[in-house]
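What follows is each chain in one-letter form.
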Amino acid sequence: MRLAAVSIRRVAAELGARAMTLYSHIDSKDDLLDLMYDEVNAGVLVHGGLPGDWRAAISLIAERTRAVLLSHPWMVELAGRRPQIGPNGLRHAEQSLAALTPLGLDPGSAARICTAVDDYILGHVIREVMARGDAPGRSRPSVPSEGMTMGPYLRHMLDSGEFPNLAPLLAEGLPQIEQTFSEGLQWLLDGIARAHGVPDSGA
């Protein structure tokens, strides 16, 4: 779905209603987009209680957030436009802070950690969305996003000897995107734990 195609008039047509009927509930397209974002954001929430270990809890929230964003790539575009503050967004923020309560941090420190994790997730998902061709204005690639084609030009450049570190990496194949997400997240959590003097939980 492309955000440019979303309009109150189109939604009204899908519902079999008049556009003016929707305007009695929402004021603008921006309001409609905010409602859409918050509705889908419900999928990020963890039900049934969080794991007791803070790393396991944050990792679970991060994996769910990534899955929702990849399932609805238009959310990536919308995330950079304006803040979306709705009930499910507030619940997500509350749950993320709750995951950190075992660390006994002050609210400001906990908020900065949540921001760092959210920034990591969004940055990784943007790269995934771009690679699969889901980004606005891009067509889907003809090859899997996990690899890189060794076309004549690329092979010529790598064989030149100018890229001694890059050449073997591409020859062996790039890491799977799921692996890079999980490893990067754990490295981030390792740094957070060290910065706040948190003992190794064995995660």
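Reading guide: rules and limits
Residues numbered from 1 in each chain as written. Predicted model: local features only at pLDDT ≥ 70, side-chain atom pairs only at ≥ 80, totals over all residues. Heavy atoms only, no water. pLDDT = per-residue confidence, 0-100. Contact = heavy atoms within 4.5 Å. Core = buried A, V, L, I, M, F, W, Y, C linked by side-chain atoms within 4.5 Å. Buried < 20%, exposed > 50% of the residue type's maximum accessible area, 1.4 Å probe, protein only. Salt bridge = Lys/Arg side-chain N within 4 Å of Asp/Glu carboxyl O. Helix = DSSP H or I, 4+ residues; strand = E, 2+ residues; numbered from the N terminus. Phe/Tyr/Trp six-rings, centres within 6.5 Å; stacked < 30°, edge-to-face > 60°. Lys NZ or Arg CZ within 6 Å of the ring centre and 35° of its normal.

For the rest of this paragraph, the subject is the confidence of the model for the protein chain. In this model, the protein chain carries an average pLDDT of 82, and 75% of its residues clear a pLDDT of 70 or more. Long-range and interchain partners of residues 139-147, a stretch whose pLDDT sits below 50, account for 14 contacts in this model, where long-range means more than four residues apart.

Turning our attention to the nonpolar core. Grouped together as the largest cluster of nonpolar side chains are 35 residues, with contacts concentrated most on W54, L100 and V117. Ignoring anything within four residues of it in the chain, the contact list for L100 reads W54, I58, A110, I113 and C114.

The next thing to look at is the pattern of salt bridges. Using the criterion set out here, one finds two salt bridges in the structure. Residue R55 is joined to D190 by a salt bridge in which the shortest nitrogen-to-oxygen separation is 2.8 Å. Of this pair, R55 sits in helix α4 (residues 54-71) while D190 sits in helix α10 (residues 177-195), and the two are 135 residues apart along the sequence. Look at R55 and you get buried, because its relative accessible area is 5%.

Let us look at the packing of aromatic side chains. Under the definition given, this model contains one aromatic pair. If you follow R66 out to its NZ or CZ, it ends over the ring of F181, 4.9 Å from the centre.

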